[in-house]
Amino acid sequence: MNKNRSKEYDVIIIGGGATGAGTARDCAMRGLSVLLVERHDFATGATGRNHGLLHSGARYAVTDHESAAECIEENMILRKIANHCIEENNGLFLTLPEDDIAFQSQFVDACSSAGISTEIIDPKLALRMEPSANPDIIGAVKVPDGSVDPFRLTMSNALDAKLKGADILTQHEVVDILKDQDRVNGVELFDHEKKEKAKYYGKIVCNAAGIWGHNIARFAGVNINMFPAKGSLLIFGHRVNKMVLNRCRKPANADILVPGDTICLIGTTSERIPIEEIDNMYVSKDDVDVLIREGVKLSPSLATTRILRAYAGVRPLVAADDDPSGRSISRGIVLMDHKERDGLEGFITITGGKLMTYRLMAEEATDLICKKLDVDKKCETANIPLPGSEKSDETLNNVSQKVYSINGITQKSAKDRHGSLAHKIAQGDENEDSMVCECEGVSIGEVKYAINELHVNNLIDLRRRTRVGMGTCQGELCACRAAGLLCESMEEPGKAKDDLANFLQERWKGMSPIAWGETINEIQFTSWIYEGIYGLKPDNN
Amino acid sequence: MKFDNIIIGGGLSGLTCGIKLAEQGKKCAIVSSGQSAIHFFSGSFDLLGKANGEEVTNPLESMKSLPENHPYKRVGLDKIERLTNDALHLLVRSGLNLNGQADRNHYTLTPMGVMKPTWLTLSDFTSFDQKDSFPWKKAVILNFSGFLDFHTLFIKDGLKKFDVHAQIKTVSMKQFDAIRKNPSEMRSTNIAKEFDKENAIEEFAQKANVLSDGFDVVILPAVFGLFNKTIADKLKEKIEKPVLLLPAIPPSVPGIRTQITLRERFQELGGTYLLGDNVEEGVFENGRLLEIRTNNHGDIKFEADQFILASGSFYSKGIVATHDKLYEPIFGLDIDGDSNREKWFDEKIFNDQAFMHYGVKTDQKFRALMNGEPVENLYVAGSVLGGANPLKEGSGAGISLLTSLHAAEQILK
Amino acid sequence: MKKEIFEPYNVSDNNFEQCVKCTICTVYCPVLEVNPDYPGPKQSGPDGERMRLKDPEFYDEALKLCLNCKRCEVACPSGVKIGDIIQSARIKYSKSKPKLRDMILANTDIVGTMASTFAPIVNTAVALKPVRKVMDSVLKIDHHRMFPKYTGLRFETWYRRYAEKKQQEFKKHVSYFHGCYVNYNFPQQGKDLIKVMNAAGYGVHLLEKEKCCGVALISNGLIKQATKQAKHNVEAFKKSIVDKKMPVISTSSTCIFTIRDEYPHLLGVKNEEIRNDSELATRFLFRLIDEGKLNLVFKKNYKKRIAYHTPCHMEKLGWSIYSTSLLKMIPGVELVQLESQCCGIAGTYGFKKENYQTSQEVGKPLFDQIENSKVDFVATDCETCKWQIEMSTSSKVQHPISILAEAIDVESTMKLWQK
Ligand SMILES: Cc1cc2nc3c(=O)[nH]c(=O)nc-3n(C[C@H](O)[C@H](O)[C@H](O)COP(=O)(O)OP(=O)(O)OC[C@H]3O[C@@H](n4cnc5c(N)ncnc54)[C@H](O)[C@@H]3O)c2cc1C
Ligand SMILES: Cc1cc2nc3c(=O)[nH]c(=O)nc-3n(C[C@H](O)[C@H](O)[C@H](O)COP(=O)(O)OP(=O)(O)OC[C@H]3O[C@@H](n4cnc5c(N)ncnc54)[C@H](O)[C@@H]3O)c2cc1C
Ligand code: SF4
Ligand code: SF4
């Protein structure tokens, strides 16, 4: 079935990661008509599979001055425009006895030349500031690192784009790029829900598909020299550290511990993989073992902290065009005007960079798009806060100060997750306050808000919006409750059962590499509930 | 403290074993670190629901095709039929009302609305003879407003396959106002506690009767009778239509009642039930276990002629996994399972997971092995035994009941 | 085989992470059942702890509704120390300051010293209607509560005057931690203990100076003072246990539980050197009998039907078996084991006006059991349970040691070891 849409957009953006969503917002803010397409859900690519570190840039200061300078600038901007997505935790760069302390001064100098403020701290004081750090440290430097929640960040951008008129399609995969001679004029999409294809037209197509941009470029008949680098991480069951902990040495495996929301993350490994394997994100036993071994050096208490999950993502790295071997890989932002590069009009690619430079990437891409469309409007994304980060609503601040409040956990959690938009979540009504997810404090009201307003197609999407099922039990109790609510809003119970089964499978994928200790107990229990008592099967229809 | 027999673990196996031994006049103690898997019970004791990927109609017959190291095979198929009868009678003597037979599975409806084969079902629940028909045409599914743990739409969807017209209705009761205010407490056991007090049942039945007008059957969550053993029957008396109870998210109300019933039976027979105490280690001499030490009792040793290990599977910490090994945490008994964790799992959660088969190694008489040698007076029973995936087979309670009775018989011999 | 050989590397050491979210604990929490303002053990304990580690702002003052009965811990299949987690959270995060009333209730020994000095006046005064009104409205101590009577002659004074000398006549010796209740309110229990221990051949001594175990200080948030007293007591115990090789026994399950478990778990006061030799008198006696080192002879004419109530802390300790085993040894005793349920008082908790109703509702199933049991009296190891049961039922309550003291044939028992 082929449907052809007649409307022509100014720009079609491919990819619902931070870059794509950010570009959609920027374009919409500059008055363009925008279509954002994503094959699965927001933040299902590298954006949802990274470390969540709001880099100060310090990590790159010694090796990559330009990236470092970009980071610190964006870091300061995100603190303003996305405050509900970030935590201003600060970070420490620790020197262990096995590291070279001489590196510290080189590091501090490099930071200051990139504009990153540093403070050398006495190891004893550092331990008082961050008791979970390795007590053997011989040096510590404080930097303005932080944490960023990629799901919230991407969602806020998408939400704002939508508020400003953009059309958004999730579960729509680009299967071809439409061309009219030397000019790209649209995309062909496959709708995974309805299982049908459709064509959409636009004056410009922006490829923001991360590592998958390689395939998109192929559809357009051009070649981008991509080098997928897989990185694995472990999620620990609770927050061990208050500050981001880094090793003060040249970047290596498992040398950053990032606290974020209720958990903390150790990562990463780094391994080149063939482009054919970018959709197969397993974490090997060796990866897990390396992460634990190295992580424990940063914070010994990791050895006795429960591990919730393991996961991996692929960095969209691009080699310079004159270097097909990939030896000189840039970690910086890559913006390609394919008119200039390949003689193909109406097609640009924005990739490389980092999660935390998404806004700058979006700005550069949008500048180029505007130039091509002859639109003369300045970028304002650095000044206008994202929805949820506007000046916070006073009434919300009172929530946690009430002395007796059995709803305290859900209300405070909702505020942490949705910022000032939390006021949209019904509260104080017993029909809405009841908890769906007890580990993360998600109420019925919050689930309903997400279902109604945040583009939720299934339970896995719901998890990204609300943290349902992200806590210690990994969905043991809440998955079924949430499935029930989702089912009510969709009136398709048969599908909801399969959705529930998929959700459990998705949770298991991250649990199986680390399923020992409490996790194996928990999964045995969970399986008994869903398969034993409930009689749930992988395919229920 | 000296006993004839000491049982480690107070779940279904430990209690069955204890009741059997105490009935024969043995002085028994059960030490259990916490509550057991019966607290999550669906309401049905499974014997064998699936073998070689096929659904089983006659468990006794299908057992013949099980692998040789399966606990049923090791008990001996010649004994199984008798033991199934013994098990049923033991449970009935303890005060449980059950339906079902070992040579023919019946079916129960799950909360996903599908039929599942099983052996013995508590009389609270409805047993069906056929898996592909449903005796009623029009069903009303009643839920309490604000109760998230009962999935009416899934049930309704499941019933569609039986051509049943189902309608969902909710009931509001002021007795639940208080628990509803607490965001984490509108759960089945708290609802059950309200019904236990008996002053809500009349009003509820009246409402249910009005709402079920024009329907053939009333479907309800199984939240009746936690500590009160008669309330489920009262409910059925008061509701004019047939009542079909279905499990809600655990903990399970009928499960907890079952645990209490069995524990009380054991105590009435003079048994000592020590809850909240962890067995830490044992003292061995010449291949015999002389005494055990527990967390609460420290230097006061617990001696017995025979011991039974019924400490459950991973979930109950009967066996423990770390990143590079599997072990039995009390005595360090031999484990039937791979120590390489890559072998434990299948990447698909709904596939047969290897770890579900792991357990403590025993000899033919179900005596635990330690460094390859049997411990003369330490028997192993229930889900701490390896050799089967009770979840995939639908054999959880069956293995627990039959291996415990078998162990008890060895001791009584 | 020793467990250490397994060395579970990378298995969580953080007790709250052992929780598999099975929700069993909430079924057994007596408070949750009657007071929906309480978030319950799972939410307050493991779930809440994880949140509080993210941000201390998640701390909820409603946690003070927890009775610290530890029934949740007994039920938990995963070994989560839920009660400890909740109490530690209160210690760590609570911002509310203890009220005057809480200080009065918590300082059982100071108040006791004053009150027993003026016992007749205090006893009449607290019984007087106007005084009770003031207590109720100003101090928020519920007017339904009967205060335990204060004695004129403190146990310590009595001991020094009348008992101390005689104790030297024995070959074997123990120290006795009598606790505030015995000292200020009910010296008879201490006297009974001395009678029984002497019959068993042990001289009974007091610690150099004992301080209140501090359980009420802990539950009322007076942690600094509790820690100070704990340290003092541990030192005093050491003098007896380590220096003089004299074990310490007590008749109060709550005091001994606090000293053995709450000192290290909640106050961080180390007690390894004394823990094993600090126990209840009933356990001490049971061990002697179990090891064949002691025989008790009972009077022929002692005939009673007795119901045993397991106090929460005995349930947690798992030690009621010692008391009931001793009682069962008395030939004329018919023992009814009550289903273990919380009585609702939880030390000073039930004295507070805001908790009175919760407290009585929690206890109601137990009171009903007692009224239906048709016994001569109830036996229990905890003094606050005694107040609560005596106030709320028609039954009298006795300590197992007092029952032994009455039932034992002292002379015949002594003859057995004297020969
Ligand atoms: C292990 C690891 C750790 C990292 N840590 C950090 C960090 O701490 N801080 C930081 O700032 N950065 C970090 N990064 C980098 C950061 O994650 C990425 O640079 C950034 O998320 C890229 O975002 P993106 O939107 O460009 O790409 P993606 O997030 O990959 O988005 C591409 C999207 O396109 C969609 N798509 C693909 N094909 C199609 C198609 N045919 N049709 C429609 N849609 C399609 C995908 O589903 C995906 O959602 C890390 C990366 C990795 C791998
Ligand atoms: C959620 C769930 C639902 C189930 N539903 C069903 C069902 O509906 N039907 C069915 O047929 N089967 C069901 N099963 C299968 C169930 O495992 C068995 O049927 C049976 O209950 C197992 O009994 P058990 O006594 O062997 O072990 P458990 O019930 O696990 O009991 C083991 C006991 O040993 C104690 N213990 C462990 N270590 C120590 C120690 N060191 N010291 C002291 N005590 C210790 C534990 O605390 C626990 O109480 C279910 C299982 C689970 C987990
Ligand atoms: S200690 Fe007692 S009151 Fe407190 S949560 Fe546990 S069961 Fe409830
Ligand atoms: S009983 Fe234990 S494991 Fe279960 S929810 Fe409560 S704390 Fe967690």
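Chain B is annotated in an unreviewed UniProt entry as Glycerol 3-phosphate dehydrogenase (Quinone) subunit B of Marinifilum flexuosum.

Per an unreviewed UniProt entry, chain A carries the name Glycerol-3-phosphate dehydrogenase and comes from Marinifilum flexuosum. Recorded under Subcellular location (unreviewed entry), the UniProt text for chain A is reproduced unchanged: "Cell membrane". UniProt annotates chain A under Sequence similarities (unreviewed entry) with the comment "Belongs to the FAD-dependent glycerol-3-phosphate dehydrogenase family."

Chemist: What am I meant to see in the UniProt feature "domain: FAD-dependent oxidoreductase 2 FAD-binding" (unreviewed entry) in chain B here?
Modeler: Feature annotation in UniProt places "domain: FAD-dependent oxidoreductase 2 FAD-binding" (unreviewed entry) on residues 4-399 of chain B, given in this structure's numbering. Along residues 4-399 of chain B the backbone is 27% helical and 25% strand, and the end-to-end C-alpha distance reaches 24 Å.

Chemist: Which parts of the structure should I look at to understand the site of ligand 3?
Modeler: With respect to spatial proximity, the complete set of residues near ligand 3 consists of Cys29, Pro30, Val31, Tyr38, Pro41, Cys66, Leu67, Asn68, Cys69, Lys70, Cys72 and Ile86 of chain C. Residue classes in the shell around ligand 3 are distributed as 10 nonpolar, one polar and one charged.

Chemist: Help me understand the interface of chain A and chain C, please; the structure alone is not making it clear to me.
Modeler: Size of an interface, as often reported, equals the accessible area lost when the parts are brought together. Taken together, the 41 residues of chain A in the interface contact 34 residues of chain C. Of the roughly 3,200 Å² buried where chain A meets chain C, counting both sides, 53% is carbon and sulfur surface. At the surface where chain A touches chain C, the tally comes to five salt bridges. The salt bridge partner of Lys42 of chain C is Glu438 of chain A, with a shortest N-O separation of 2.4 Å. At the junction of chain A with chain C, the criterion picks out 13 residue pairs in polar contact (both at pLDDT 80 or more). Considering only residue class, the side of chain A that touches chain C consists of 18 nonpolar, 13 polar and 10 charged.

Chemist: Explain the sheet that holds strand β9 (residues 120-122) of chain B to me, please; I cannot follow it from the model alone.
Modeler: Whether parallel or antiparallel, the strands of a sheet pair through hydrogen bonds between backbone atoms. All names here are of chain B. If you trace the three strands from one edge of the open sheet to the other, you get β3-β9-β6, paired in antiparallel fashion. Each edge of the open sheet is held by one strand with a lone partner, namely β3 (44-45) and β6 (98-99). Of the strand pairs in this sheet, β3 and β9 are connected by two bridges, and their pairing is antiparallel. In the strand pairing of β9, Phe45 is matched with Leu120.

Chemist: In this structure, what is going on with the side chain of Asp145 of chain A? I would like to understand it.
Modeler: Residue and element names in this part refer to chain A. On the secondary structure map, Asp145 appears in the loop between β7 (139-143) and β8 (146-148). Although Asp145 is buried, it makes no salt bridge; Arg79 carries the closest opposite charge, 7.0 Å away. At 3.1 Å, the side chain of Asp145 and the side chain of Asn246 are in polar contact.

Chemist: What exactly am I supposed to notice about the interface of chain B and chain A here?
Modeler: At the junction of the two partners, chain B supplies 50 residues and chain A supplies 53 residues. Here chain B meets chain A over a buried area of about 4,800 Å², counting both sides, of which 65% is carbon and sulfur. Counting the contacts that link chain B with chain A gives five salt bridges. Applying the counting criterion to the chain B and chain A interface returns 21 residue pairs in polar contact (both at pLDDT 80 or more). Considering each element in turn, the side of chain B that touches chain A owes the most residues, four residues, to helix α5 (residues 152-160) of chain B. Classifying every residue of the side of chain B that touches chain A gives 23 nonpolar, 13 polar and 14 charged.

Chemist: Just checking my understanding: could you explain the environment of Cys19 of chain C for this structure?
Modeler: Turning to its location among the elements, Cys19 of chain C is positioned in the segment before α1 (24-28). The spacing of Cys19 of chain C and Ser78 of chain C is 59 residues in sequence and 6.1 Å in space, taken between C-alpha atoms. Contact partners of Cys19 of chain C, with chain neighbours within four places excluded, come to Arg306 and Glu522 of chain A together with Pro46 and Val80 of chain C.

Chemist: What exactly am I supposed to notice about the sheet that holds strand β13 (residues 243-246) of chain B here?
Modeler: Residues and elements named next belong to chain B. Spatially, the four strands line up as an open sheet ordered β11-β10-β12-β13, and their pairing is parallel. The outermost strands of the open sheet, each flanked by one partner alone, are β11 (165-171) and β13. Recorded for the sheet is a direction-independent mean angle of 25° between the axes of neighbouring strands. As defined by bridge partners, strand β10 (residues 138-144) adjoins β11 across seven bridges and the pair is classed as parallel. Within the sheet, the bridge partner assigned to Asn143 lies in β11 and is Thr170. Across the face of the sheet, helix α8 (residues 201-211) comes into contact with β10, β11 and β12 (217-221) while running at roughly 145° to β11.

Chemist: Would you mind going over the domain arrangement of chain B with me for this structure?
Modeler: Residues and elements named next belong to chain B. In terms of domains, chain B is made up of domain 1 (42-132) and domain 2 (134-241). A C-alpha centroid distance of 27 Å is found between domain 1 and domain 2. Roughly 940 Å² of surface becomes buried between domain 1 and domain 2 when both sides are summed, with 70% attributable to carbon and sulfur atoms. On inspection of domain 1 and its partner domain 2, the count reaches zero salt bridges. Applying the counting rule to domain 1 against domain 2 returns two residue pairs in polar contact (both at pLDDT 80 or more).

Chemist: What am I meant to see in the packing of helix α10 (residues 155-163) of chain C against helix α12 (residues 187-199) of chain C here?
Modeler: How two helices pack is summed up by the angle between their axes together with the distance between the axes. Residues and elements named next belong to chain C. Their axes nearest at 9 Å, the elements α10 and α12 cross at an angle of 40°. On the basis of their axis angle, the class for α10 and α12 is oblique. Crossing angle aside, the handedness with which α10 passes α12 is right-handed. On α12, the residues touching Phe155, Trp158, Tyr159 and Ala163 of α10 are Pro187, Gly190, Lys191 and Ile194.

Chemist: For this particular structure, what's the right way to read the pattern of salt bridges?
Modeler: If charged atoms from side chains of opposite charge come close, those side chains can pair. Applying the stated rule across the entire model yields 90 salt bridges over all chains. Residue Arg30 of chain A is joined to Asp26 of chain A by a salt bridge in which the shortest nitrogen-to-oxygen separation is 2.9 Å. Using a relative accessible area of 0% as the deciding quantity, one classes Asp26 of chain A as buried. Of the charged contacts in the structure, one is a salt bridge between Asp86 of chain B and Arg82 of chain B, with a shortest N-O distance of 3.6 Å. Of this pair, Asp86 of chain B and Arg82 of chain B both sit in helix α4 (residues 77-94), separated by four residues, roughly a single helical turn.

Chemist: Teacher, can you tell me more about the nonpolar core here?
Modeler: Soluble globular proteins tend to pack their nonpolar side chains together in the buried interior. Counting residues in each nonpolar core, the largest one holds 341 residues, and the members touching the most others are Phe45, Phe134, Phe195, Phe204 and Phe224 of chain B. Sequence-distant contacts of Phe195 of chain B, defined by excluding residues within four places in its chain, comprise Phe144, Met173, Phe176, Ala200, Ile201, Phe204, Val223, Phe224 and Ile231 of chain B. Formed by 32 residues, the second largest nonpolar core is a distinct cluster that contains Tyr60, Ala82, Ile86 and Leu386 of chain A.

Chemist: How do you make sense of the site of ligand 1 when you look at a structure like this?
Modeler: Residues and elements named next belong to chain A. Within the structure, ligand 1 sits among 36 residues, and Thr19, Glu38, Thr47, Val174 and Met356 are positioned closest to it. Note that an oxygen atom of ligand 1 is positioned 3.1 Å from one of the side-chain N or O atoms of Arg39. A distance of 3.1 Å separates a nitrogen atom of ligand 1 from a polar atom in the backbone of Leu53. Coverage of ligand 1 by the protein chains reaches 97% of its 1,000 Å² of free accessible surface. Of all the secondary structure elements, the ones that give two or more residues to the shell around ligand 1 are α1 (18-29), β10 (172-180), β13 (226-236) and β18 (307-319). Two domains each put at least three residues into the shell around ligand 1: domain 1 (8-46 + 151-225 + 320-373) and domain 2 (85-148 + 228-314).

Thresholds, definitions, all that
- Residues numbered from 1 in each chain as written.
- Chains lettered and ligands numbered in written order.
- Predicted model: local features only at pLDDT ≥ 70, side-chain atom pairs only at ≥ 80, totals over all residues.
- Heavy atoms only, no water.
- UniProt positions renumbered as here; feature names shortened; annotations may be inferred.
- Helix = DSSP H or I, 4+ residues; strand = E, 2+ residues; numbered from the N terminus.
- Near = heavy atom within 4 Å.
- Nonpolar A, V, L, I, M, F, W, Y, C, P; charged D, E, K, R; others polar.
- Contact = heavy atoms within 4.5 Å.
- Buried area = accessible area lost by both parts, 1.4 Å probe.
- Salt bridge = Lys/Arg side-chain N within 4 Å of Asp/Glu carboxyl O.
- Polar contact = N/O pair within 3.5 Å; in protein donor to acceptor, adjacent residues only side chain to side chain.
- Pairing = 2+ DSSP bridges.
- Buried < 20%, exposed > 50% of the residue type's maximum accessible area, 1.4 Å probe, protein only.
- Lys, Arg positive; Asp, Glu negative; His and termini not counted.
- Axes fitted to C-alpha atoms, helices over the stretch in contact; angles between N-to-C directions.
- Domains from an automatic or database assignment.
- Parallel < 35°, antiparallel > 145°, perpendicular 65-115°, else oblique.
- Left-handed = near helix turned anticlockwise from the far one by under 90°.
- Core = buried A, V, L, I, M, F, W, Y, C linked by side-chain atoms within 4.5 Å.
- Areas by Shrake-Rupley, 256 points an atom, 1.4 Å probe, with all protein chains shown as cover.

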